[in-house]
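For reference, the chains in residue letters:
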Amino acid sequence: MSPTRRTFLASASAAAALAGASGQGQIGVSLAAWSLSASFFQGGWKLLDLPGIMRERLGLEGLEHVNQFFENPTLNYLQKLKRACSDNGIKQYLLMVDHEGSTAAIDPKERKQAEVAHRKWIDIACFLGCRYVRCNLYGGAENWKEDRDLTKRGAETFRNLLEYAKGSGIQILVENHGRASSDPDVLVDLVKKVNHPDFGLLVDLGNWNRGDDRYAAVKKILPYGRGLSVKGTWGSNLDPAFDMEKLLRVALEGGYKGWWGIEVSQRRERNAPPLSGKELLEREVQTVREVKAIVERVVFGKP
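Criteria and thresholds
- Each chain has its residues counted from 1, running along the sequence as written.
- A pLDDT threshold of at least 70 governs which residues receive local features in this predicted model, and a stricter bar of 80 or more applies before side-chain atom pairs are shown or counted, although totals over entire chains, interfaces and linings include all residues.
- Side-chain metrics rest on all non-hydrogen atoms present in the structure, leaving aside hydrogens and water.
- In DSSP terms, a helix is any run of H or I states spanning at least four residues, a strand is any run of E spanning at least two, and both are numbered starting from the N terminus.
- Buried means the residue's accessible area, taken with a 1.4 Å probe over protein chains only, is under 20% of the maximum for its type, while exposed means over 50%, and partly exposed covers the values in between.
- Note on definitions: a residue-residue contact is assigned when non-hydrogen atoms from the two residues lie within 4.5 Å.
- In short, Shrake-Rupley with a 1.4 Å probe defines the accessible areas, and a residue's cover is counted only from the protein chains shown.
- A carboxyl oxygen of Asp or Glu within 4 Å of a side-chain nitrogen of Lys or Arg is what we treat as a salt bridge.
- When DSSP finds two or more bridges between a pair of strands, those strands are recorded as paired.
- Only the stretch in contact is used when a helix axis is fitted, and all axes are lines through C-alpha atoms; the angle between N-to-C directions ranges over 0 to 180 degrees.
- Multiplying 1.5 Å by the helix residue count minus one yields the expected span of that helix.
- Throughout this description, a polar contact denotes any pair of N or O atoms lying within 3.5 Å of each other; where both atoms belong to protein, one of them has to be capable of donating a hydrogen while the other can accept it, and for residues adjacent in sequence the pair is counted only when both atoms sit in side chains.
- By definition in this entry, angles of less than 35 degrees are roughly parallel, angles greater than 145 are roughly antiparallel, angles of 65 to 115 are roughly perpendicular, and the rest are oblique.
- Basically, the charged four are Asp, Glu, Lys and Arg, the nonpolar ten are Ala, Val, Leu, Ile, Met, Phe, Trp, Tyr, Cys and Pro, and anything else, Gly included, counts as polar.

Bringing the overall build of the protein into the picture now. A tally of helices and strands in the protein yields 10 helices and eight strands. The buried share among the 303 residues of the protein stands at 54%. For the protein, long-range pairs separated by at least 24 residues make up 78% of all intrachain contacts whose partners lie at least 6 apart in sequence. Accessible surface, the protein: about 13900 Å² in total, of which carbon and sulfur atoms supply 47%.

Our next topic: the pattern of salt bridges. Inspection of every chain in the model, using the stated rule, returns 18 salt bridges. The salt bridge partner of Lys46 is Glu71, with a shortest N-O separation of 3.9 Å. On the criterion of sequence distance, the pair formed by Lys46 in the loop between helix H2 (37–41) and helix H3 (50–58) and Glu71 in the loop between strand E2 (62–66) and helix H4 (75–87) is long-range, its members being 25 residues apart. For Glu71, a relative accessible area of 45% gives the class partly exposed. Here Arg111 makes a salt bridge to Glu156, at a shortest N to O gap of 3.0 Å. In this pair, Arg111 is assigned in helix H5 (residues 108–128) and Glu156 in helix H6 (residues 150–164), connecting sequence segments 45 residues apart. If you follow the salt bridges from partner to partner, you end up with Asp98, Arg134 and Glu175 in one network.

To continue, consider the sheet that holds strand E7 (residues 225–230). Reading around the barrel, the eight strands line up as E1-E2-E3-E4-E5-E6-E7-E8 and close back on themselves, with parallel pairing between neighbours. Pairwise comparison of adjacent strand axes, ignoring direction, gives a mean angle of 30 degrees for this sheet.

Let us look at H5. The end-to-end C-alpha distance of H5, which contains 21 residues, comes to 31 Å, matching closely the 30 Å that a straight helix rising 1.5 Å per residue would cover. Capping the start of H5 is the job of one residue whose side-chain oxygen sits 2.9 Å from the backbone nitrogen of Lys109: Asp107.

Okay, the side chain of Asn88 next. Among the secondary structure elements, Asn88 is positioned in the loop between H4 and strand E3 (91–96). Leaving out residues up to four positions away in the same chain, Asn88 has contacts with Pro51, Gly52 and Arg55.

It is the contact of helix H7 (residues 184–194) with helix H8 (residues 214–221), at a shortest axis distance of 9 Å, that shows an interaxial angle of 5 degrees. In terms of their interaxial angle, H7 and H8 are classed as roughly parallel. For the pair H7 and H8, contact is made by Pro184, Asp185, Leu187 and Val188 and by Ala217, Lys220 and Ile221, respectively. Residues belonging to the contact of H7 with H8 are distributed by class as follows: five nonpolar, no polar and two charged.

Turning to the side chain of Gln92, a few remarks are in order. Mapping Gln92 onto the fold places it in strand E3. A distance of 2.7 Å separates a polar atom in the side chain of Gln92 from a polar atom in the side chain of His65. Of the polar contacts made by the side chain of Gln92, one reaches the backbone oxygen of Leu128; its length is 3.3 Å. Gln92 has contacts with Leu63, His65, Leu81, Lys82, Cys85, Leu128, Gly129 and Cys130, leaving out every residue within four places of it along the chain.

Put into structure tokens, the structure is as follows:
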């Protein structure tokens, strides 16, 4: 892109500030784009189609982007995406970043590489008017429970990213997303080590390590949560694993304020034949609608 980073961020600062102003209080039900990932990877839709799908098929206005869904994020492409969201009344408030390196790698060169790889997504999120960029705490020793410096290394990376984002209105979040990052004590320690007002957590109701008490874990990290991913089981075709409604009430009782982002896999039948991208999209849309109804009833008291 031709504009300098400073110019780029300045041009989007008003939009980011507006998004931030709406980041307080109970906002509404939003869509984590990953909920439609199966159909996306089967060619059922492209990112520029998503705002229309959200408005016409789902009745949702809050969007959590996934960086893997951006085809070619040139300035022209981003302008089209921003326009599509505006035309459909979609609020882009979060961008999830995956596959951009290990933020807590033992090798400092590897950590720096991950840090630099994340920078472009901070710029992109700011241009789109997002409030948050979700990163991952990945890397370190194979046995992460014995890696005493894991959060220290991760905190260094995230502080550097926060310095890069300074003045943009972007906040950095880390999600419980497997292994060390799904240990609530690790996440709390990370937040304390970063010690920055623009750093917090994305609380995923489902991503906990095997054997952990997910209800207690959610309670522990919820005070640092600025976003929330709704997960759980529903319907007769899935084996019960954890109770979505109970987890929603745990978050409510814990004082969570913000968007309630639906991030669920499609409702499916066992031994069902493979589906095309369009067929998968129909299944995913129906699943999101079912979960939306649960969230609206439990959180917002709708019948």
